[in-house]
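Structural characterization, general
As a plain string of letters, each chain reads:
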Amino acid sequence: MNQLKSLNRLVSQRGIFMSASQFSSELGSGAGKGGGGGGTIREAGGSFGKREAAAEEQYFRKLQADQLHQLKDHMSDEISFHEDQIKRHQEALEKAKKSFADLEKAKK
């Protein structure tokens, strides 16, 4: 259940995967295309704006990589769980088939 909550949280945060490059023509060149400001440093442009934009891009790339790593780990755990469930069900099925065959033999 806890894994499901963490997966839902990761999926709901998928909006984070958008990069700042989608909002302005050049990183740190000023306010974004969407009409909203990128903050006073980015709005001013110049080298400070570019530096801030680069730091922001780096942060979101790292965040995205961490989220993908968590998602891969979660999916790997989920696959292992289901493989174990399949194995248990196959063993139970074989046991039930054997019991049924034994009953058939006893009936004759």
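Residues numbered from 1 in each chain as written. Predicted model: local features only at pLDDT ≥ 70, side-chain atom pairs only at ≥ 80, totals over all residues. Heavy atoms only, no water.

On to the pattern of salt bridges. Here the structure, examined in full by the defined rule, presents 3 salt bridges. Across the salt bridge formed by arginine 61 and glutamate 57, the nearest N and O atoms sit 3.9 Å from each other. Of this pair, arginine 61 and glutamate 57 both sit in helix H3 (residues 46–107), 4 residues apart, which is roughly one turn of the helix. Accessibility expressed as a relative area gives 10% for glutamate 57, which makes it buried. Across the pair lysine 62 and aspartate 66 runs a salt bridge, and its minimum N-O distance is 3.1 Å. Here lysine 62 and its partner aspartate 66 are both found in helix H3, 4 residues apart, which amounts to about one turn of the helix. The class for aspartate 66 is partly exposed, based on a relative accessible area of 34%. (Salt bridge = Lys/Arg side-chain N within 4 Å of Asp/Glu carboxyl O. Helix = DSSP H or I, 4+ residues; strand = E, 2+ residues; numbered from the N terminus. Buried < 20%, exposed > 50% of the residue type's maximum accessible area, 1.4 Å probe, protein only.)

As a further point, take the packing of aromatic side chains. How two aromatic rings sit relative to each other is given by the distance of their centres and the angle of their planes. Evaluation of the coordinates by the stated rule reveals 1 aromatic pair. Each ring, one from tyrosine 59 and one from phenylalanine 60, has its centre 5.1 Å from the other, and the planes form 75°; the classification is edge-to-face. (Phe/Tyr/Trp six-rings, centres within 6.5 Å; stacked < 30°, edge-to-face > 60°.)

It is worth spelling out the confidence of the model for the protein at this point. Scored by pLDDT, the protein comes out at a mean of 79, with 58% of its residues at no less than 70. Within the protein, no element has a lower average pLDDT than helix H1 (residues 2–12), which sits at 62, and none a higher one than H3, at 94. (pLDDT = per-residue confidence, 0-100.)

Counting along an α-helix, one turn takes 3.6 residues, and residues three or four places apart therefore face a common direction. In this model H3 runs 90 Å from its N-terminal to its C-terminal C-alpha over 62 residues, within 8% of the 92 Å that 1.5 Å per residue would give. Buried within H3 are the following residues: Gly49, Ala53, Glu57, Leu63, Gln67 and His74. (Expected span 1.5 Å × (residues − 1).)

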